[in-house]
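# Structural description and commentary
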Amino acid sequence: MGAAGYEKWAAEVRALARERDAVILAHNYQDAAIQDVADYVGDSLELSRLAAKAEASTIVFCGVHFMAETAKILSPDKTVLLPSLEAGCSLADTVEAADVERWRLQNPDGLVVSYVNTSAAVKALSDVCCTSANAVDVVESLPEGKKILFLPDFFLGSHVARETGRDIEVWMGECHVHAKITPEALRKKVAEDPTAEVFVHPECGCSTTALDLWSAGDLPKERTRLLSTGAMIRRAREIGPGRALVATEVGILHQLRAANPEATFEAVDGSAVCPFMKMTTQESLIEALRNGIYEIEVEQETAKAARRALEAMIAIGPKSIAVPSGAA
Ligand code: 13P
Ligand code: SF4
């Protein structure tokens, strides 16, 4: 679509959003055109917070199903629309409510921390939620001496266990996009560009290696960071005309380049594309706004219990991002 075609489409989106009294929220992994037309673009935590205080009567969530469910749970009186019902999440699919129920029976005094990449039913059985932006803070806020189940992401959970030193059982789930950003790919990119900053999302298969290299002094401490997507954008603004190697879904590059046009951002793995995030298309967004589809509902009792876990997270807030201790 050329510039004129884009402007025509964007004008129609904005007009339909006005008619419907809708706010458009887009995750950092959405296609560039969707990010550019949205009212707000952000990471999971930022979008949860925006959903919780949205004033419009409708939220159109350009993201994946668990994000739209989260918006509905936090804003039960709003209409929440997800442009594609097929936009799921391979990570969220690795754990079911029955798994959490079983663990709770075996560990009656244990606490369950759920990454937001989970279904409403799993959140409803959790003590508190977290995102990649606040996982360490959330676990540190829990009472000492309790066994903790962290789910569902193994790489993020291992990082949190290492950072907090707490007794954590980590669920063996992974995101198929991030897990395949390998240690080898990271090592190769760093060898080719040894002075660049390194931004690694903690869901990545290379995140543990990044920390090992960092601890061994093979990755410069002042230039290596484990960051949520929102924190990557904040850091991008600080690096001047620098370079950064970015290990996460490639949609983030659009926001990074907009945040700092002087700098160069390069993907550690250019094939890291989330098929679910890309299910929001220019056509499906128009259809969502025109026809009020697809409306996301969460059963009331499930929503009430899940809201408790989400609000417990929001109250803790992102005091710090998931940076290795001692990093700048
Ligand atoms: P963020 O919380 O960093 O936005 O990540 C969400 C996600 O789905 C990662 O794959
Ligand atoms: Fe889920 Fe991975 Fe896609 Fe994020 S990138 S929405 S964790 S499948």
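All of the points below concern the structure found in this document.

Conventions we followed
Residues numbered from 1 in each chain as written. Chains lettered and ligands numbered in written order. Predicted model: local features only at pLDDT ≥ 70, side-chain atom pairs only at ≥ 80, totals over all residues. Heavy atoms only, no water. Salt bridge = Lys/Arg side-chain N within 4 Å of Asp/Glu carboxyl O. Helix = DSSP H or I, 4+ residues; strand = E, 2+ residues; numbered from the N terminus. Buried < 20%, exposed > 50% of the residue type's maximum accessible area, 1.4 Å probe, protein only. Contact = heavy atoms within 4.5 Å. Core = buried A, V, L, I, M, F, W, Y, C linked by side-chain atoms within 4.5 Å. Near = heavy atom within 4 Å. Nonpolar A, V, L, I, M, F, W, Y, C, P; charged D, E, K, R; others polar. Pairing = 2+ DSSP bridges. Right-handed = clockwise from strand over helix to strand, strands pointing away. Phe/Tyr/Trp six-rings, centres within 6.5 Å; stacked < 30°, edge-to-face > 60°. Polar contact = N/O pair within 3.5 Å; in protein donor to acceptor, adjacent residues only side chain to side chain. Areas by Shrake-Rupley, 256 points an atom, 1.4 Å probe, with all protein chains shown as cover. Axes fitted to C-alpha atoms, helices over the stretch in contact; angles between N-to-C directions.

### A few points about the pattern of salt bridges
This structure, assessed with the given rule, holds 16 salt bridges. Here Glu144 ties to Arg166 by a salt bridge, and the two come within 3.9 Å at their closest N and O atoms. Remark: Arg166 occurs in the loop between helix H8 (154–164) and strand E8 (168–170) and Glu144 occurs in the loop between helix H7 (135–140) and strand E7 (148–151); sequence separation between them is 22 residues. Judged by its relative accessible area of 68%, Glu144 falls in the exposed class.

### Some words on the side chain of Ser75
Assignment of secondary structure puts Ser75 in the loop between helix H4 (65–74) and strand E4 (79–81). When near neighbours in sequence (up to four residues on either side) are disregarded, Ser75 contacts Ala51, Ala52 and Ile59.

### Points about the nonpolar core
Counting 76 residues, the largest nonpolar core has Leu25, Ile59, Phe61, Val113, Phe150, Val160 and Val200 as the members making the most contacts within it. In this view, Phe61 contacts Leu25, Leu47, Met67, Ala68, Ala71, Leu81, Leu82 and Pro83; residues no more than four positions away in its chain are not counted. Listed in part, the 19 residues of the second largest apolar core include Ala17, Ala38, Leu285 and Leu289.

### Digging into the site of ligand 2
Inspection of the region around ligand 2 gives Tyr29, Val64, Cys89, Ser90, Leu91, Asn117, Cys175, His178, Glu203, Cys274, Phe276 and Met277 as its neighbouring residues. Taken together, the residues that form the shell around ligand 2 break down as eight nonpolar, three polar and one charged.

### A word on the pairing of strand E1 (residues 22–27)
Looking along a regular strand, one sees the side chains alternate between the two faces of the sheet. Within E1, six of the six residues are buried, which leaves the element mostly enclosed by the surrounding structure. The sheet contact formed by E1 and strand E2 (residues 40–42) spans three bridges and is parallel. Across the sheet, the residue bridging to His27 is Gly42, located in E2. At this point the chain moves from E1, through helix H2 (residues 32–37), to the parallel E2, and the crossover so formed is right-handed.

### A word on the packing of aromatic side chains
Scanning the entire structure with this criterion turns up two aromatic pairs. Ring geometry for Tyr6 against Trp9: centres 5.5 Å apart, planes inclined by 50 degrees, an arrangement best described as tilted. Here the residue Tyr6 and the residue Trp9 both occupy positions in helix H1 (residues 3–20), the gap between them amounting to three residues, near one helical turn. Residue classification places Tyr6 among the buried residues on the basis of a relative accessible area of 17%. Looking at Trp9, the relative accessible area reads 7%, which means it is buried. For the ring pair Phe154 and Phe155, a centre distance of 5.5 Å and an interplane angle of 70 degrees mean the geometry is edge-to-face. Assessed through its relative accessible area of 13%, Phe155 is described here as buried.

### Some words on the site of ligand 1
Looking at ligand 1, the residues that line it are His27, Tyr29, Asp43, Ser44, Asn117, Ser132, His178, His201, Glu203, Ser228 and Thr229. A distance of 2.9 Å separates an oxygen atom of ligand 1 from a polar atom in the side chain of His201. When ligand 1 sits alone it has 300 Å² of accessible area, and the protein chains cover 96% of it. Tallied by class, the residues present in the shell around ligand 1 amount to one nonpolar, eight polar and two charged.

### Thoughts on the sheet that holds E4
Pairing in this open sheet of four strands is parallel, and the strands run E2-E1-E3-E4 from one edge to the other. Here the strands that pair on one side only, and so sit at the sheet edges, are E2 and E4. Recorded for the sheet is a direction-independent mean angle of 20 degrees between the axes of neighbouring strands. As paired strands, strand E3 (residues 58–62) and E4 are joined by three bridges and run parallel to one another. The residue bridging Thr58 from the neighbouring strand is Thr79, located in E4. Running over the sheet, H1 touches E1, E3 and E4 and is turned about 125 degrees from E1.

### Quick word on the sheet that holds E8
Taken together, four strands build an open sheet; the order of strands is E6-E5-E7-E8 and the sheet is parallel. Strands at the two margins of the open sheet, each flanked by one partner only, are strand E6 (128–130) and E8. Geometrically, the sheet is characterised by an average inter-axis angle of 25 degrees between neighbouring strands, direction not taken into account. Sheet topology places strand E5 (residues 111–115) next to E6; three bridges connect them, and they run parallel. Directly across from Ser114, in E6, lies its bridge partner Cys129.

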